[in-house]
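# Per-entry structural report
Residue-level listing of the chains:
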Amino acid sequence: MRAADLLQPRPEGLYCPPGDFFVDPVRPVGRALVTHAHSDHATAGHGAVLATRETLDIMAIRMGDGFAGTTQAVAYGEGVAIGGVSVGFHPAGHVLGSAQIAVEREGFRIVAAGDYKRAADPTCARFEPVRGDVFITEATFGLPVFRHPDPLDEVRKLLHSLAQFPERTHLVGVYALGKAQRLIALLRAAGHGGPIFLHGALRRLCDYYASRGAALGELPDATLARGRARDFAGQIVLGPPSAFTGPWVRRFAEPLIGFASGWMQVRARARQRGVELPLVISDHCDWTELTATIDELDPGEVWVTHGREEALVRWCSLAGRPARPLHLVGYEDEAED
Ligand SMILES: [Zn+2]
């Protein structure tokens, strides 16, 4: 069996001819297998969607119940047969419900990792190494310069600032799916037991995470109608990045702007966004994790989907590993990290 007979890049996404399905298609198709619910991987309008229960729930929360013709939930480790192809979903450690998708036929296995990280994250199941003949990896932070610091040290910076500037409202930008809940869990792990206020756009997914067992603590609404701007002095208020470009932030007392993203290790990006307190917290692998994962899995071949494909492909080549970039379009490296 040739790898390209099992999965091949098409404009819509990775396509499996014998199973007649796509993995993370970026436009509507008949049957889609979805790794996770970030908007560049999970789109509306497919005839049928196979994904984890959590991914399906989050897609419904974000896009409405009618986001697909039919849906089927698959548990981690459960095998599903589709047209002579065996399909398995395995934890990717990226966000709640995120999965790597293993596609197997006649003993030949391709593992599409989707977005993934190796660092511990109490809000989702930890990445599970799955060996295969081909490993398909992302390369969002696929340059040697990218090294993520310890996320607990990053939230300690926020708590230190809070202690240092008790008159200022600490407003932190976080993406709604994954980053918001992980930052909250990290703050709890660092000993911050008080309320963490939420912009309305973060409410539903935080509530959903809590309903699935994430211990997020007290998360009141950051509504000024119920209090005065001064009430938020010395408090942490989380909001989606989109809210930071509008008038929302100016309603708070002496706002101090933070942003939690892997991209905050690029100083120019922090400056562009007017971020005073950059927190380098990523739900993707850094260079060390990407290369260590490839070494650990030791696949026969590596395919690189999106991000900095060329550098990782070159690293593989220098290490004697066959590798190629897939040049898939539609996956954004800054979409929701
Ligand atoms: Zn993602």
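The present account deals with the structure reproduced in this document. (Residues numbered from 1 in each chain as written. Predicted model: local features only at pLDDT ≥ 70, side-chain atom pairs only at ≥ 80, totals over all residues. Heavy atoms only, no water.)

### Quick notes on the coordination of the zinc ion
Taken together, the protein ligands of the zinc ion are H36 (NE2), H38 (ND1), H94 (NE2) and D115 (OD), with distances of 2.2 to 2.3 Å. Geometry at the zinc ion is irregular, judged from the four donor atoms that bind it and their angles of 91 to 164° at the metal. For H36, a relative accessible area of 0% corresponds to the buried category. (Donors = N, O, S within 2.8 Å, 3.2 Å for Na, K, Ca; no water. Tetrahedral: all angles 85-135°; square planar, octahedral: opposite > 155°, others 65-115°. Buried < 20%, exposed > 50% of the residue type's maximum accessible area, 1.4 Å probe, protein only.)

### Description of the pattern of salt bridges
Tallied over the entire structure, the rule returns 16 salt bridges. A salt bridge links D283 to R182; the shortest N-O distance between them is 2.9 Å. Of this pair, D283 sits in the loop between strand 16 (277–279) and helix 7 (287–297) while R182 sits in helix 4 (residues 179–189), and the two are 101 residues apart along the sequence. Neither D283 nor R182 differs from the other in exposure class; each is buried. Bridged by salt links that share partners, the residues K117, D121, R182 and D283 form one connected network. (Salt bridge = Lys/Arg side-chain N within 4 Å of Asp/Glu carboxyl O. Helix = DSSP H or I, 4+ residues; strand = E, 2+ residues; numbered from the N terminus.)

### A few points about the sheet that holds strand 17 (residues 301–307)
Taken together, the seven strands give an open sheet; going across it, the order is 7-8-9-10-11-17-18, and neighbouring strands pair in mixed fashion. At either margin of the open sheet sits one strand with a lone partner, and together these are strand 7 (79–82) and strand 18 (323–325). Sheet twist, expressed as the mean angle between neighbouring strand axes with direction ignored, is 20°. Both strand 9 (residues 99–105) and strand 10 (residues 108–112) contribute to a ladder of five bridges, which runs antiparallel. Of the residues in strand 10, the one forming a bridge with R105 is F108. The strands touched by helix 7 are strand 11 (134–139) and strand 17; relative to strand 11, the strand with the most contacts, the crossing angle is about 175°. Along the sheet, helix 8 (residues 309–318) makes contact with strand 11, strand 17 and strand 18, crossing strand 17 at roughly 160°. (Pairing = 2+ DSSP bridges. Axes fitted to C-alpha atoms, helices over the stretch in contact; angles between N-to-C directions. Contact = heavy atoms within 4.5 Å.)

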